[in-house]
Each structure stands twice: as C-alpha cells, then as structure tokens.
Amino acid sequence: ANSWSHTQYAMLVPKAQRVAVLSFLFKEGVMVAKKDFFKEQHDEVEVPNLVVLNLMKSLKSRGYVRETFSWQWYYWYLTPEGIEYLREYLHLPAEIVPATLKRAPVRSAPRGPGGDEGPGGDKGRQMGPSGEFQPEFRREGGGFGRGRDSYRGDRDGARGGFGRGGE
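This text gives an overview of the structure that appears in the document. (Residues numbered from 1 in each chain as written. Predicted model: local features only at pLDDT ≥ 70, side-chain atom pairs only at ≥ 80, totals over all residues. Heavy atoms only, no water.)

A word on the pattern of salt bridges
To be explicit about the condition: Counted as salt bridges are all cases of a side-chain nitrogen of Lys or Arg within 4 Å of a carboxyl oxygen of Asp or Glu. Exposure classes here rest on a 1.4 Å probe applied to the protein chains alone. A residue is buried below 20% of its type maximum, exposed above 50%, and partly exposed in between.
For the structure shown, the criterion picks out three salt bridges. Measuring nitrogen to oxygen at the nearest pair gives 3.7 Å for the salt bridge that ties E28 to K27. Overall, the relative accessible area of 29% leaves E28 in the partly exposed class. A salt bridge links D43 to K39; the shortest N-O distance between them is 2.6 Å.

Quick look at the side chain of T79
Heads up, the rule is: Only DSSP runs of H or I with at least four residues qualify as helices, and only runs of E with at least two residues qualify as strands; both kinds are numbered from the N terminus onward. N or O atoms closer than or at 3.5 Å make up a polar contact, with two conditions inside protein: a donor-capable atom paired with an acceptor-capable one, and, for residues adjacent in sequence, both atoms drawn from side chains. Contact between two residues is taken to exist if any of their heavy atoms lie within 4.5 Å; hydrogens are not considered.
With respect to the helices, strands and loops of the structure, T79 is situated in the loop between β3 (73-78) and α3 (80-89). Under the relative-accessibility criterion, T79 is labelled buried at 14%. Of note is the side chain of T79, whose polar atom sits 3.0 Å from the backbone oxygen of G63. Residues contacting T79, with those up to four places away along its chain left out, are G63, Y64, V65 and R66.

Overview of the nonpolar core
To keep it simple, the criterion reads: Only buried residues count toward a nonpolar core. Its members are Ala, Val, Leu, Ile, Met, Phe, Trp, Tyr and Cys residues joined through side-chain atoms within 4.5 Å.
Grouped together as the largest cluster of nonpolar side chains are 24 residues, with contacts concentrated most on L25, M31, V52, M56 and W76. Elements with a minimum of two residues in this core: α1 (15-28), β1 (30-34), α2 (49-61), β3 and α3. With six residues, α2 is the single largest residue contributor to this core. Non-local contacts of M31, meaning those with residues more than four positions away in its chain, are made with V21, F24, L25, H42, V45, V52, M56, Y74, Y75 and W76.

Quick word on the sheet that holds β3
We count it as follows: Pairing between strands is defined by DSSP: at least two bridges between them are needed. Whenever a helix is involved, its axis is fitted only over the stretch in contact; in every case the axis is a line through C-alpha atoms, and angles between N-to-C directions fall within 0 to 180 degrees.
Across the sheet, three strands lie side by side as β1-β3-β2; this open sheet has antiparallel pairing. One side of each edge strand has no neighbouring strand; the edge strands of this open sheet are β1 and β2 (65-70). In this sheet, neighbouring strand axes are inclined to one another by 20 degrees on average, regardless of whether the strands run parallel or antiparallel. In the sheet, β2 pairs with β3 via six bridges, with the strands oriented antiparallel. Bridging across to β3, V65 finds its partner in L78. Across the face of the sheet, α1 comes into contact with β1, β2 and β3 while running at roughly 125 degrees to β1. Its contacts with the sheet place α2 against β1, β2 and β3, and it is angled at close to 130 degrees to β1.

Side note on the environment of V97
With respect to the helices, strands and loops of the structure, V97 is situated in the segment after α3. As a C-alpha pair, V97 and I83 span 14 residues in sequence and 8.2 Å in three-dimensional space. The residues touching V97, leaving out its near neighbours within four places in the chain, are F26, R87 and K102.

Overview of the pairing of β3
Side-chain positions along a regular strand alternate between the two faces of the sheet. Of the two faces of β3, only one is covered, namely that formed by Y74, W76 and L78; the face formed by W73, Y75 and Y77 stays uncovered. Judged from the five bridges that link them, β1 and β3 form a sheet pairing that is antiparallel. Residue M31 lies in a different strand from β3, and its bridge partner there is W76. Counting the residues in the hairpin turn of β2 and β3 gives two residues, including W71, whose phi is positive at 50 degrees.

Next up, the structure:
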C-alpha cells in the first residue's frame, strides 16, 4: 500500500543538485527564488528553480529555514537548527559559518583632505538649507480637495474632493 495521497507527489532530486543548493544556502545563510515552477534555472545555483523551491519547502517543514514571501519571491533564512543540520550533512567543521553570521570588519571613518573633520573635510560648513528657508504648503481654502480650487472645480455647488457622485 502506498502512503502517498493522490494529490501529493515525491520529487527525486539528484544528490549533486541537492548538495549544490544546500552548499549555497550554508555559504550565504539565505536563499532567494522567484515563484516560477517552470523556470529552467535558478538565478544563483546551476539547478532548475523547481528543485530549489522543493528543497527549501522540505527544509522549512523541518524547521531549518524561515520563509518570507513577497511580490512573487521567496526568501529563506537559515535557523540555528538549520545551520547545525547543514554542517552535519555537508561535513563542515565548526569554524565555517554562513555569511549572515560573519561580522563585517570594523574600519575607521574615512578622513577628508582637511584632517579629522570627516569625509570631505568640511571644517564646520553646515549642510542643508539656510536658516531663512521657510516652506509653505498650505492653500488659502484649506487642505487638499477643499475650497475654490478643488479637484472638481466647485461646479454648480458640487462639493470638492474625491469620491463618487459628481459629473
């Protein structure tokens, strides 16, 4: 007897493709894929996009990645359990960590030509508008959509503003 329901199918993924996807995921700590089941190849890994989608679905169901979906794109982030699992599966030492866990090197602030004043060596020169800058955004008739110059032009006693009903 088959334990699969009639709507669920297993996908066999060649080991080379599985290792390629999981290695990339471990190296970067994140994976991104467009929701396109017919795309010939994933943008970053040399495997079909469907393989990436299904492998990540499997990892998500086991709690090894966290998934976000926005604008037809999937975003997966490794969890601590996922890091442990991939380190064991890929036979990696504890010293190797995903890029998302690596600290960026701390660099001193760049110095400008004038010395310690910061980028560009401004020596106290103030950036932005002068003190006299006083923008005025109000109109005499009130806010947007009101008054004589409204959206509909106040024709024949019609009220201004957006909405249904005017001619």
